[in-house]
Every structure is written in C-alpha cells, then in structure tokens.
Amino acid sequence: FDSTWSEERQIEFLTEERERCLTNSLYLANKYLWIKDSDDRFKGELKFKAWKAQEYALFLIDCGLSLMFGKLRQIGFTTVIGGVMGLRTMISKNFYCKMVAQKGDKSDEIFEHKIKYAISKCDSYMKTTIPNWATEAVKFGYSDGKGSESSSSSMFEVSAPAADAINAGTPSITLLDEIGFMKMFGAI
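Keep in mind the model is a prediction, meaning the values are calculated, not measured. (Residues numbered from 1 in each chain as written. Predicted model: local features only at pLDDT ≥ 70, side-chain atom pairs only at ≥ 80, totals over all residues. Heavy atoms only, no water.)

### Points about the overall build of the chain
From N to C terminus, the chain includes 5 helices and 7 strands. In the chain, the order of α-helices and β-strands from amino to carboxyl end is α-α-β-β-α-α-β-α-β-β-β-β. When each of the 188 residues of the chain is scored for burial, the buried share is 37%. Partitioning the intrachain contacts of the chain with sequence separation of at least 6 by distance along the chain shows that 57% fall at a separation of at least 24. Element-wise, carbon and sulfur atoms account for 52% of the exposed surface of the chain, whose accessible area totals about 11100 Å². (Helix = DSSP H or I, 4+ residues; strand = E, 2+ residues; numbered from the N terminus. Buried < 20%, exposed > 50% of the residue type's maximum accessible area, 1.4 Å probe, protein only. Contact = heavy atoms within 4.5 Å. Areas by Shrake-Rupley, 256 points an atom, 1.4 Å probe, with all protein chains shown as cover.)

### So, helix α3 (residues 52-62)
Among all positions of α3, only Gln-54, Ala-57, Leu-58 and Ile-61 are buried. For α3, the angular spread of buried residues about the axis comes to 95 degrees, placing them on one side. Exposed and facing more than 90 degrees away from the buried side of α3 are Lys-52, Tyr-56 and Phe-59. Looking at the packing, one finds that the buried side of α3 touches α2 (25-32) and α4 (77-91). One or two residues past the end of α3 sits Gly-64, with phi positive at roughly 80 degrees. (Arc of directions from axis to C-beta.)

### Overview of the environment of Ile-91
Inspection of the secondary structure puts Ile-91 in helix α4. Linking Ile-91 and Lys-127, residues 36 residues apart in sequence, is a C-alpha distance of 7.1 Å.

### Some remarks on the packing of helix α1 (residues 7-23) against α2
Closest axis-to-axis distance for the α1/α2 pair is 5 Å, and the angle between their directions is 115 degrees. Here α1 lies roughly perpendicular to α2, going by the angle between them. Here Phe-13, Glu-17, Arg-20, Cys-21 and Thr-23 of α1 lie close against α2, whose contacting residues are Ser-25, Tyr-27, Leu-28, Lys-31 and Tyr-32. (Axes fitted to C-alpha atoms, helices over the stretch in contact; angles between N-to-C directions. Parallel < 35°, antiparallel > 145°, perpendicular 65-115°, else oblique.)

### Some remarks on a negative patch on the surface
Taken together, the side chains of Asp-105, Asp-108, Glu-109 and Glu-136 define an acidic patch exposed on the protein surface. Along the polypeptide, Glu-136 turns up in the loop between β4 (130-133) and β5 (137-141). (Patch = residues over 30% accessible without salt bridge, like charges linked within 9 Å, V, L, I, M, F, W, Y side chains within 5 Å. Salt bridge = Lys/Arg side-chain N within 4 Å of Asp/Glu carboxyl O. Lys, Arg positive; Asp, Glu negative; His and termini not counted. Charge placed at Lys NZ, Arg CZ, Asp CG, Glu CD.)

### Brief notes about α4
When the terminal C-alpha atoms of α4 are compared, their 21 Å separation across 15 residues agrees well with the 21 Å that a helix rising 1.5 Å per residue should span. Burial within α4 is extensive, with 15 of its 15 residues counted as buried. (Expected span 1.5 Å × (residues − 1).)

### So, the confidence of the model for the chain
Per-residue pLDDT for the chain averages 83, and the proportion of residues at 70 or more is 83%. The secondary structure element of the chain with the lowest average pLDDT is β4, at 73, and the one with the highest is α2, at 97. (pLDDT = per-residue confidence, 0-100.)

### Considering unusual backbone geometry
Working note: non-glycine residues mostly have negative phi, and peptide bonds are mostly trans. At Asn-94, a residue that is not glycine, the phi angle is positive and equals roughly 55 degrees. Note that Asn-94 resides in the loop between α4 and β3 (96-100).

Structure, rendered in structure tokens:
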C-alpha cells in the first residue's frame, strides 16, 4: 500500500487485498498477524510466520470444513486461529465469530492477548474506521467518510462455556478452545 497512489488505485488495492486475505488465511496471517510474546528478544511482540502444522490448519479452515483439531500443547493454535479469525472478522462485512474458551481469566487473557492484540497491530489501511471494544467482544463498523457511521456489521466475541453459549446470534464461525476442559462436552 502506498499513500501516494491515486484514490482509485488505493481502493483497487484494498479491494484486492481484502479478497486475498478472505480466501487465503495463510497469506493473511503471514502478512498481517503480530503476536504478543513474553521473550525479551522480541520486545514483547513478534511478526507471525506460520509453522508447517499451522499452514495445514489454515488451509483446512479455508476449505470451509467443520473441523476438530487434536493437537499438542504450545504450538500456538489458539494464538494463530484466534488472531486470524479476529483479523478476518475485522475485514469482513456481516460476519460474526464466536469463541468459547475456558471461563474467567483464561478467556479474558485469550481475548486481550490473542484477539484484541492482533487487531490493534494490523496495518492501519486494513482497519475499519469504527472499532467498538468491549470486555468480551469487539464490534466493527464502517463510515462513509462524510461523518455518518453505520451500525456494527461484524463482531468477534469470546464467551465462557455454557449450555447456551452459541445459541444466540447465529455465528458465521464458532471456535471452541480447550474443549476437553469444558464440562458441557465431557472429558475428551
């Protein structure tokens, strides 16, 4: 993206870039995803670069399949999938992503460090103009550039496990994190 481009060229680029990101999650992740990292070598943040297992997972997600991943601990799936879905929600219109994660501090941490952080670090030219940050959700809206605002058209929400956690709202995609710890699914 180059701010010296004509307005027509900027719109053309952003339209094409948005389409690339919505059809290829690996492209979206490798180009726009930043992750919070506790390692001082990276000053608390790290530009994402997918590992092989993450590449496969993102490909399968793009295929539109209903998926359940059984995986080893500490390979970054929550960070990657949460971050990518947060970014995808931001650049989509009328998209609702719901993540059900362990209640309390765990779901708060996931939302703050994996979803909100990824969205906040994204390049400004890809961001919507009206983010609405809440404690468990982020809503995205759009402005026509003349001072008027539309209502939120996309939302990413994190909630604790409950029998009715995904009943309302008809999510476009639902993510269940650490389902083995959720009583509603039994021990897996």
